[in-house]
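# Coordinate analysis (summary)
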Number of protein chains: 2
Amino acid sequence: MAPVDFSPLFFPKNIAVIGVSNNPVGGLKYIIAHEISGYKGGLYSINPKYVDEGVGGRKVYASLLSEGVPEIDLCIIAIPAPFVPDAIRQCHQKGVKFAIIFSSGFAEAGNMELDQQLRVAIAEGSTRVVGPNCLGVLNSESRVTYFPKLEFFPGNISIVSQSGGTTARLMAYILSLGLGVRNVVSIGNSVDVTITDLLLYFKDDPKTEVIALYMESIQDGRAFLEALKEVTKTKKVVLWKGGQTEVGGLAAQSHTGGLAGSYNIWKAAMRQAGAIHGEYFEQVVDLIVSCSLNVPLPQSKKIGVVISGGGLCVEFTDTLIHNGLELPELTEETQQKLAKVFPDVNTAFRNPVDLGEYGYIPQYFQQALKAVTDDPNVGTILFVRESERFEMFREILGVEDFAGETYKAIKNVVYSTQKPLIMNSSPNWEELDFIALRHQFRDKMYKLHIPDIQLIPHIARVINELYQYGRYLENVK
Amino acid sequence: MAPVDFSPLFFPKNIAVIGVSNNPVGGLKYIIAHEISGYKGGLYSINPKYVDEGVGGRKVYASLLSEGVPEIDLCIIAIPAPFVPDAIRQCHQKGVKFAIIFSSGFAEAGNMELDQQLRVAIAEGSTRVVGPNCLGVLNSESRVTYFPKLEFFPGNISIVSQSGGTTARLMAYILSLGLGVRNVVSIGNSVDVTITDLLLYFKDDPKTEVIALYMESIQDGRAFLEALKEVTKTKKVVLWKGGQTEVGGLAAQSHTGGLAGSYNIWKAAMRQAGAIHGEYFEQVVDLIVSCSLNVPLPQSKKIGVVISGGGLCVEFTDTLIHNGLELPELTEETQQKLAKVFPDVNTAFRNPVDLGEYGYIPQYFQQALKAVTDDPNVGTILFVRESERFEMFREILGVEDFAGETYKAIKNVVYSTQKPLIMNSSPNWEELDFIALRHQFRDKMYKLHIPDIQLIPHIARVINELYQYGRYLENVK
């Protein structure tokens, strides 16, 4: 199967919008969105009813075929569902490369006849269709977008989602963490262009390093799995399957009109195809973040944990083990290294390593983190730094730039190893001042390819998934 | 077993601190803490080395028995471990009611001989001892405290924890959510006063409504379980057991010197004794918050879910069911009520109820929430309100005080039902501005006894635990 060339969709020279009126939540919003997003191509408003008066000072054409409408790469359709099939025929006639159907009211609303009419219309020509019942697409380079005032910036993540809301939420959340996006596609009911098509295109898009998929159903499971297997050889694919339960599947059916299928079969097939697998929003985000930061793949599920505080040691041990990780013993050599740094008898050198209060002094912390990271029994490293308390430690320990020194200590370790490091900031306070301090240090950690993951079960999930992906890559090589 | 009268511990008339020097992290910190906390009683510094010069302008006495030291309810001991047994003997001699041993270096550090000497000294007289290896106690009325500059305010939660760090973190976090505390006890190695003793005291403390326990070990399991059974008849006890795994148990042993025991046996016994059970910090906090807010106990695990957005409906259904809840069908009557409010065909009236965009209009939302809440098939209600988007909805929907109107809509429903309601705010952004909006609405919800729980698995956990507690209460009545 030859990959579809999606360049005209993501980098359209000219965009036409069918259904532009004075209604600000109709087609007009797509015109406004591209006027302000930084998109450099031509914009053409279509609506036979507004040819004379125009819309907000904009010229409006009667149809795609009207004089003055140039070659169109992308046509966005925002008119009532019954009129959409004819609009698609017009796209064919004009030679439009891609159409996005924003309109809803097809299979997801039980209108199977209209769904069929749409499919027939699409099959009559060469225009490829995204949707219906979708938001559209976004590319952070061409500045194609789907909503006015949507702020976005470039990154290595491409998102495809069958849910408009989940598309928007995933993108917004990732951006709010300071990570950018490459492409975003709300694919809706997916009657023509499929997730499979997009997967294969993103495989060869050099600026896409991570693909995040939210899907509720798939038409051709075999083709999808084959494409997935190809893509996961070189890129990380984070897959979130909606409709995991019978009732969830019913909800999915009324949402995007597809059948969800058996979740257990899905899970096994996804695993065999090398997908990284998440099950709800916050967990999926932690997986996407870790992939986007290019966290190295762990060689084992044996985790070395570096903490200050006995209660935290117990909590992390319990919860990491309950969630499928192992805490190996440290070698004699590591224990001796630690004993040299911390001669105080009150600190224990079992794993998790409890550094006590001294562990906050950056140079001691660096030596301890380095010793645990270098331990051959350890495949992955977790450390707790309570960044919200750095100011307090600065005063007590007399280290002027506490956050900066701690950052350097971690940097010196992370650049000397191929093992993944994960941070946890163990929050004590939810007031904004403290959250701001945590965010500042999280941003610094991101620069070192270290995710800051708050929930211990999610830390375990990330390590488990990245470990399994590493095993998968070894097997397919 | 007669309950210990802990009044002199939580409401001491006079406090003496043994081990006050110029070291700001030694005994002096307890003096300073009470000077600024609002504590009204007398404060007496003890240290034979500082009798002549005093400490920071404070008079220092050679010993508890020195002339001028009045009757002492509470003595805090902050001297090296080997000297602690003699200090306890001095407490006995003086007739001190309670001593807190801040000093560490006993069983938790492997010094079993010193631990034994301490136990012998305690047994020689009437002073009851909290610790060693602990922070101490706090009461939001008497303003007894354990750390300078610790801000705290009254509430219905009493905390007992074997870990100093976990004590401090639980308290800080709960206060940062705007919920207050009644008593806080860091009990450390617990060689004399036990969690059991405190449980029985809190049972009769009218201002304690919720008891939160973090424990790693227990000396007399039978007595503890009997006490727990008594207490849970009238008060909610949230129990977090550290040392759930074998390795976690080892970590616990080096932390507080106790043996953790089999977790599965613990879990079954806790359940039989009516405890509400959490397993890691964030989950435990969500349980404590829900209990502190006096969320009604659900009569069933059948949850009615009210959402705007198809993707969210699928996600919540999947994740709630995966975590042990049921989503029942709504009655014909409920569906008809909903159809009257939302004649739009695009919204589905299955459970979860997807209200679509109209569902944000407060009066429509109120009617939908009321219909689902009144459905006899539904035992507990979850609704999603994206409070961070209220400003946007205000503009689009033209409702001036959007947050206020939404609050009123929810208030009208919550005051007309005995069923529990839980909110989820489904965050889209992690920037501080958005977090501030979520916090503002969360505070409003707290006033309505509605917790705002972010993680869907935690929502399910809270409902499961409260449901089981309700069943327990029915059985013991």
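Here's what I pulled together on the structure shown here. Sequence order as written defines the numbering, with residues in each chain counted from 1. Both sets of labels track the order of writing: A upward for chains, 1 upward for ligands. This being a predicted model, a pLDDT of at least 70 is required before a residue's local features are given, and a value of 80 or more before pairs of side-chain atoms are given or counted; all residues contribute to the totals for chains, interfaces and linings. Side-chain metrics rest on all non-hydrogen atoms present in the structure, leaving aside hydrogens and water.

### Points about the pattern of salt bridges
Think of it this way: side chains of opposite charge can pair up when their charged atoms draw near. What counts as a salt bridge is simple: a side-chain nitrogen of Lys or Arg found within 4 Å of a carboxyl oxygen of Asp or Glu. If you walk through the whole model with that rule in mind, you get 56 salt bridges over all chains. Of the charged contacts, one joins B:Glu474 and B:Arg471 as a salt bridge, the two residues approaching to 2.8 Å between their closest N and O atoms. Pair noted here: B:Glu474 and B:Arg471 are both in helix H17 (residues 456-476), with a separation of three residues, about one helical turn. A relative accessible area of 47% means that B:Glu474 is categorised as partly exposed. Via salt bridges that share partners, A:Glu141, A:Arg182, A:Asp205 and A:Lys207 belong to a single interconnected network. Starting at the N terminus, helices and strands are each numbered in turn, a helix being any DSSP run of H or I of at least four residues and a strand any DSSP run of E of at least two. For each residue, the accessible area found with a 1.4 Å probe, counting protein chains only, is set against the maximum for its type, and the residue is called buried under 20%, exposed over 50%, and partly exposed in between.

### Things to note about the pairing of strand E1 (residues 14-18) of chain B
Residue and element names in this part refer to chain B. By the criterion of burial, E1 is predominantly enclosed, with five of the five residues buried. Here E1 shows two buried faces, one formed by Asn 14, Ala 16 and Ile 18 and the other by Ile 15 and Val 17. Only strands joined by at least two bridges in the DSSP assignment are considered to pair. Here five bridges tie E1 to strand E2 (residues 42-46), and the two strands are oriented parallel to one another. Paired with Ala 16 across the strands is Tyr 44, a residue of E2. Whether a crossover is right-handed comes down to one check: with the strands pointing away from the viewer, does the path from the first strand over the helix to the second run clockwise; if it does, it is right-handed. In terms of handedness, the path from E1 via helix H2 (residues 28-37) over to E2 forms a crossover that is right-handed. Examined bridge by bridge, E1 and strand E4 (residues 74-77) share four bridges and lie parallel to one another. Each residue of the ladder has a partner; that of Ala 16, found in E4, is Cys 75.

### Description of the packing of helix H12 (residues 332-341) of chain A against helix H13 (residues 362-374) of chain A
Residues and elements named next belong to chain A. Viewed as axis vectors pointing N to C, H12 and H13 meet at an angle of 175°, and their least axial separation amounts to 9 Å. By the angle between their axes, H12 is roughly antiparallel relative to H13. Residues Thr 334, Lys 337, Leu 338 and Val 341 of H12 lie in contact with H13, whose contacting residues are Tyr 364, Gln 367, Ala 368, Ala 371, Val 372 and Asp 374. Residue classes in the contact of H12 with H13 are distributed as six nonpolar, two polar and two charged. In this analysis an axis means a line fitted to C-alpha atoms, helices contributing only their contacting stretch, and an angle means the value between N-to-C directions, from 0 to 180 degrees. By definition in this entry, angles of less than 35 degrees are roughly parallel, angles greater than 145 are roughly antiparallel, angles of 65 to 115 are roughly perpendicular, and the rest are oblique. Should any heavy atoms of two residues lie within 4.5 Å, those residues are considered in contact. Note on residue classes: Ala, Val, Leu, Ile, Met, Phe, Trp, Tyr, Cys and Pro are nonpolar, Asp, Glu, Lys and Arg are charged, and everything else, Gly too, is polar.

### Thoughts on empty space enclosed by the protein
Throughout, the protein atoms alone are placed on a 1 Å grid, and a set of points is a cavity if a 1.4 Å probe fits but cannot get out or a pocket if it is open with protein on both sides within 12 Å along at least five of seven lines; lining residues have an atom within 4 Å of a point. Grid points are joined across faces, edges and corners, and a volume is the space filled by probe spheres set on the points. In this structure the tally under the stated criterion is four cavities of 30 Å³ or more. Along its surface, the largest cavity is lined by 39 residues, and A:Tyr173, A:Glu430, A:Gln454, B:Glu430 and B:Gln454 are the ones closest to its centre. Broken down by secondary-structure element, the contributors of at least two residues to the lining of the largest cavity are helix H10 (281-292) and helix H16 (432-447) of chain A together with helix H10 (281-292) and helix H16 (432-447) of chain B. Residue composition of the lining of the largest cavity, grouped by class: 19 nonpolar, eight polar and 12 charged. Roughly 40 Å³ of volume is contained in the second largest cavity. A:Glu315, A:Phe316, A:Asn424, A:Ser426, A:Gln454, A:Ile456, B:Arg169 and B:Glu282 together form the lining of the second largest cavity. Grouping the amino acids of the lining of the second largest cavity by side-chain chemistry returns two nonpolar, three polar and three charged.

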